[in-house]
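Descriptive structure summary
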Amino acid sequence: MITNDFIKELEKLDSHFSEIDIDNNLWNGFFLNYEGISEYEKHLISLYIDYFNEVSDYIDDLLLNKSINEINLFLNSKLRKFESIKIPLTKWDDEYKIIIEDVSKELERLKSLECDESNIYYNQSLIRLEEKKEAFQLVYNFLTGNINVVQFRKEIDEWETYENIEEDGWDKKRIDQYYCQIRMERIGREHIEKSLTQLKELSDNYSIEDNNWQMPLKAGRKVEEKDFIFYLHHENKDALMKKLHELLDGKKGKMVAITLKALERLVFISVIDNRSIIYKAMRKEFGDIGSDQGINSIIVKFGSYLPEIEHQEKILKEVK
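Keep in mind the model is a prediction, meaning the values are calculated, not measured.

**A few points about the side chain of R189**
- Within the secondary structure, R189 is located in helix α6 (residues 172-205).
- Once residues lying within four places of it in the same chain are set aside, the contact partners of R189 are L13, L89, D93 and L143.

**What about the pattern of salt bridges?**
- What the rule picks out here adds up to 20 salt bridges.
- Close ionic contact of K111 with E130 constitutes a salt bridge, the shortest N to O distance being 4.0 Å. Separated by 19 residues along the polypeptide, K111 in helix α3 (residues 68-113) and E130 in helix α4 (residues 120-143) bring together distant segments of the chain.
- On the accessibility criterion, K111 (40% relative accessible area) is partly exposed.
- The residue E264 makes a salt bridge to K261 at a minimum N-O spacing of 3.7 Å.

**Examining the sheet that holds strand β1 (residues 20-21)**
- With antiparallel pairing, three strands are arranged side by side in an open sheet as β1-β2-β3. Both edges of this open sheet fall to β1 and β3 (30-31), since each of them pairs with a single strand only.
- As judged from the two bridges shared by β1 and strand β2 (residues 26-27), these two strands associate in the antiparallel manner. Residue D21 lies in a different strand from β2, and its bridge partner there is L26.

**Looking at the nonpolar core**
- Ranked by size, the top nonpolar core spans 51 residues in total, and within it V55, F82 and W159 carry the most contacts.
- Of all the secondary-structure elements, those providing two or more residues to this core are α1 (5-11), α2 (34-64), α3, α4, α5 (149-157) and α6.
- With sequence-adjacent residues up to four places away left out, F82 is seen in contact with F6, I7, L10, Y51, I192, S195, L196 and L199.
- Judged by nonpolar contacts, the second largest core, of 30 residues, contains L232, L244, I269 and M282.

**Concerning the packing of aromatic side chains**
- The tally for this structure, following the rule as stated, stands at 18 aromatic pairs.
- With 6.0 Å between their ring centres and 50° between their planes, F6 and F82 make a pair best called tilted. Linking F6 in helix α1 with F82 in helix α3, this pair joins segments that are 76 residues apart in sequence.
- According to the relative accessible area criterion, F82 is buried, its value standing at 0%.

**A look at the packing of helix α8 (residues 254-265) against helix α11 (residues 306-317)**
- Following both chains from N to C, one finds α8 and α11 inclined at 60°, their axes separated by 8 Å at the closest point. Here α8 runs over α11; the crossing is right-handed. Facing α8, whose interface residues are K254, M255, I258, T259, K261, A262, L263 and R265, α11 presents L306, E308, I309, E310, Q312, E313 and L316.
- For the contact of α8 with α11, the residue count by class is seven nonpolar, two polar and six charged.

**With respect to unusual backbone geometry**
- With a phi close to 60°, N25 is a non-glycine residue in the positive phi region.
- Within the secondary structure, N25 is located in the loop between β1 and β2.
- Even without glycine at this site, N28 takes up a positive phi of about 50°.
- Along the chain, the position of N28 falls in the loop between β2 and β3.

**Here's the deal with the environment of E235**
- Here E235 shows up in the loop between α6 and α7 (237-248).
- In this structure the C-alpha to C-alpha distance between E235 and K320, which are 85 residues apart in sequence, comes to 7.7 Å.

**Some points on α11**
- Taking 1.5 Å of rise per residue, 12 residues should cover 16 Å, and α11 covers 16 Å from first to last C-alpha, within 8% of that figure.
- Here α11 has its buried residues at I309, Q312, E313 and L316. All buried residues of α11 project into a common sector of 105° when viewed along the axis, lining one side. Looking at α11, the residues exposed on the side facing more than 90 degrees away from the buried face are P307 and K314.

Procedures and definitions
Residues numbered from 1 in each chain as written. Predicted model: local features only at pLDDT ≥ 70, side-chain atom pairs only at ≥ 80, totals over all residues. Heavy atoms only, no water. Helix = DSSP H or I, 4+ residues; strand = E, 2+ residues; numbered from the N terminus. Contact = heavy atoms within 4.5 Å. Salt bridge = Lys/Arg side-chain N within 4 Å of Asp/Glu carboxyl O. Buried < 20%, exposed > 50% of the residue type's maximum accessible area, 1.4 Å probe, protein only. Pairing = 2+ DSSP bridges. Core = buried A, V, L, I, M, F, W, Y, C linked by side-chain atoms within 4.5 Å. Phe/Tyr/Trp six-rings, centres within 6.5 Å; stacked < 30°, edge-to-face > 60°. Axes fitted to C-alpha atoms, helices over the stretch in contact; angles between N-to-C directions. Left-handed = near helix turned anticlockwise from the far one by under 90°. Nonpolar A, V, L, I, M, F, W, Y, C, P; charged D, E, K, R; others polar. Expected span 1.5 Å × (residues − 1). Arc of directions from axis to C-beta.

Printed below as a string of structure tokens:
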């Protein structure tokens, strides 16, 4: 059994789930100071070690049962989970880029007006936009790893010299708090990347296509075939199978492909590289589902079928 404490802590990096208490100097339960940064990093390291110890133990149990296929399914599901944690963070990075681009365009527009230098409103507008661009660019560069901690600290301290900083509600204390918050967010992001790297290495080590992991077979013995339900990951597999029969019985090609992709995106199934294994199990369960080539051609271009895939996801999410 893999506990989710590490996952839950990393999910708090999404600002929608973060708990910020400026009055009490707290971010997700950690103090917004240097001691808090240190404690947060130690906390994540401890959770990381515990999580991957549990992953290692789980893989060992599967190895005892010669369940190499299941190891691949398990690791792929974990990879997808960490990738899903990155999605909202990537969206925030994209928002930063859009803001930076929009402010840059507005700056260029104002500068092209060539107003009189004595125009106070014009000069203040230029200064405000320049400060805003610098601030967003700094945070974006740090969170995406383009600058180091020393440079970030040095440049964020310069915010105190901004003409409009106090007017916008920022003083030295608030700047220091924000610095600590962004430092901790980057530490969390680094743990996401470190986890993805570790899981990918494990996945490569136990590759289903690695002949070294083939089970020795007696002469004439066939490889054991698994039922489709074996590949599903859901707290109520029977209910999920019932719903899948409603969706797939008598269906071929496109419907099979978009449903399979929906299952994959929901992490209800981990589709291994050799998809023919999944398709064979599906034919045994649902009958004629169409050709492998036809299904694969739709999955490869899944972006063209996104609305239909999302519709299937909505239906499958309701299975309890």
